[in-house]
Amino acid sequence: MSVNITFLGGSGTVTGSKYLVRHADQCVLVDCGLFQGYKQLRLRNWTPLPLAPDQVDAVLLTHAHLDHSGYLPLLAKEGFSGHVWASRGTKDLCQILWPDSGHIQEEDALFANRHALSKHSPALPLYTRQDAQQALPLIKAVDFGKVITPLPGWKATFSAAGHILGASSILLEVAGRRILFSGDLGRPDDLIMNPPDAAPQADTVLIESTYGDRIHPQDNLLSELAPALARVAKRGGVAVVPVFAVGRAQALLHAIHLLKMKGEIPSSLPIFLDSPMAVHTTHLFENHPGEHRLSRQDTYALTHSATMVNSTDESRALASRHGPMVILSASGMATGGRVLHHLAHYAGDHRNMIVLTGYQAPGTRGDTLAHAAQSVRIHGRDVSVNAEVVQLQSASAHADANQLLVWLRTMPEAPSQVYVVHGEPGPADTLRSRIKRELGWRAMVPEHGSTWPT
């Protein structure tokens, strides 16, 4: 019998990755992410999947970022009870990310109800912190390179993808078909993460395309960040840095530490990491020494070079401090979390700075800021943006277009089909065209909800 894939997310967009692989009467979901960004995408989180959650037999996760894993607490809440297979790093991170996601959704619903910001009465969270906690025992840890059997007759092998702790590419084998899911691929020259493993042989490949139409600049993170932080320190301002709590927060902390050691920014410049999730993630680097480039001394500096802010009272107290200082706070696209309060407080002052550190999905506040908007809407009101906005071009944790093609070329032989996923329409189609032209491989960009053979 045939094996096919239904693209339930991550198609024509960089969020909501969900790929349903069917064979006979069995269904495996590879990734189970939340949609983020534009409202019409976020509304998909409330739309039921085309099959009941209890009909999904198993889930495989490429990594822990919420656009790849954050729908799982809802899937479990609605009836899924199978195993969730993930690398050890991904399992550790999900224990941090999922409860935090549930908590933020509860807080957002409370805020919307308190200020009558929702058309629904009452506004409800997709899932709660308790829902997330109850889903965590479903996760089964997998070692890189070890073949597992998620279901009878199915095999899966996880390999390191760089990007963040635990990030994986997954080779899924069933009914004689070999399907390779790239997951989010890291950069071979990433400041803190090891490069991705080579691609194994497969019949069908799903390749991410976040940067499918772009090449990363020659500048590195240190050379971009140094003049920006030096400027804001000289004028006594506050740099608010929206960061992804997993990955970019740690890369920025390491970069700032190196810049202080080199004397390129004042060693006395106060640094605050205001995200409990980022604080907990930072400590995880000590538990996964083989997955990153950091030495024991580097990981020690990672956890000691900034003031770790945990409580909401400590976070609020930052508003009473004077600059210069740097506040790193989640979320990285300013879609939620404590960074919104800092942006609301500091964006109006021209002495201050907003530093964007990674890809900003269309429809997010980060994207609005990146396009030089004069105001940004936060918690129901328009906040003037007079602060200097700096978008770092070298901070991305994703491979660029050339690096994606290099990774594909590591396959021993050409696959029969490539599906270009996890990218906006422009970047996805550009990468599709390059794969066809430069590699001579069959490639297409599947539409959301479509089903195709392997």
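Above this text you will find the structure in question.
Please read all numbers here as calculations on a predicted model, not as lab measurements.

Residue Pro324 is reached from Gly323 by a cis peptide bond, and omega for that bond is 5 degrees. Tracing the backbone shows Pro324 in the loop between α10 (312-317) and β15 (325-329). The omega torsion of the bond from Ala330 to Ser331 falls at 20 degrees, within 30 degrees of zero and hence cis. With respect to the element layout, Ser331 can be found in the loop between β15 and α11 (339-346). The backbone of His379 shows a phi angle near 50 degrees, a positive value even though the residue is not glycine. One can find His379 in the loop between β17 (375-378) and β18 (381-384). Overall, His379 belongs to the partly exposed group, its relative accessible area being 30%. The backbone phi angle of His422 is positive, close to 50 degrees, even though this residue is not glycine.

Between helix α4 (residues 88-114) and helix α8 (residues 276-284), the least distance of the axes is 10 Å, while the angle of their chain directions is 175 degrees. The angle between α4 and α8 falls in the class roughly antiparallel. Residues Asp92, Leu93, Ile96, Leu97 and Asp100 of α4 lie in contact with α8, whose contacting residues are Met277, His280, Thr281 and Leu284. Considered class by class, the residues forming the contact of α4 with α8 number five nonpolar, two polar and two charged.

For the rest of this paragraph, the subject is the nonpolar core. Formed by 101 residues in total, the largest nonpolar core has its most connected members in Val59, Trp98, Ile207, Leu328 and Ile435. A per-element tally of this core places helix α6 (residues 221-234) first, with eight residues. If sequence neighbours within four positions are ignored, Leu328 has contacts with Val241, Val243, Ala249, Leu252, Leu253, Ile256, Ile271, Phe272, Leu273 and Asp274. Grouped together as the second largest cluster of nonpolar side chains are 24 residues, Leu151, Trp154, Val174 and Tyr419 included.

Take the sheet that holds strand β2 (residues 18-23) next. Strands sit in the order β6-β5-β4-β3-β2-β1-β22 across an open sheet of seven strands; the sheet is mixed. Unpaired on one side and paired on the other, β6 (139-142) and β22 (451-453) mark the two borders of the sheet. Across the sheet, the mean angle separating the axes of adjacent strands is 25 degrees when strand polarity is ignored. By the bridge criterion, six bridges tie strand β1 (residues 3-9) to β2 in an arrangement that is antiparallel. Bridge pairing in β2 links Asn4 to Arg22. The strands that α4 touches are β5 (83-87) and β6; relative to β5, the one it contacts most, it runs at about 115 degrees.

Summed over the entire model, instances satisfying the criterion amount to 16 salt bridges. With a shortest N-O distance of 2.7 Å, Asp349 and Arg351 are connected by a salt bridge. Residue Arg437 pairs with Glu438 through a salt bridge whose shortest N-O separation is 3.5 Å. According to the relative accessible area criterion, Glu438 is partly exposed, its value standing at 34%. Residues joined in a network through salt bridges with shared partners are Arg409, Arg434, Arg437 and Glu438.

Rules used in this analysis
As a convention, each chain's residues are numbered from 1 in the sequence order in which they are written. Totals for whole chains, interfaces and linings use every residue, but because this is a predicted model, local features are given only for residues with pLDDT of at least 70 and side-chain atom pairs only at 80 or more, for both listing and counting. To get the side-chain values, take all heavy atoms of the structure and skip hydrogens and water. Note on conventions: DSSP H or I runs of at least 4 residues are helices, E runs of at least 2 residues are strands, and numbering of each starts at the N terminus. Buried residues are those whose accessible area, probed at 1.4 Å on protein chains only, stays under 20% of the maximum for their type, while exposed residues exceed 50% and partly exposed ones sit between those limits. Orientation is described by lines fitted to C-alpha atoms, with helices fitted over the stretch in contact, and by angles between N-to-C directions that extend from 0 to 180 degrees. Orientation categories follow fixed angle ranges, with anything under 35 degrees roughly parallel, anything over 145 roughly antiparallel, 65 to 115 roughly perpendicular, and all other angles oblique. Only heavy atoms matter for contacts: two residues are in contact if any of them lie within 4.5 Å across the pair. Put simply, Ala, Val, Leu, Ile, Met, Phe, Trp, Tyr, Cys and Pro go in the nonpolar bin, Asp, Glu, Lys and Arg in the charged bin, and everything else, Gly too, in the polar bin. Nine residue types can take part in a nonpolar core, namely buried Ala, Val, Leu, Ile, Met, Phe, Trp, Tyr and Cys, and a core is a set of them joined through side-chain atoms within 4.5 Å. Note on pairing: two strands pair once DSSP finds at least 2 bridges between them. Each salt bridge in this description consists of a side-chain nitrogen of Lys or Arg and a carboxyl oxygen of Asp or Glu lying within 4 Å of one another.

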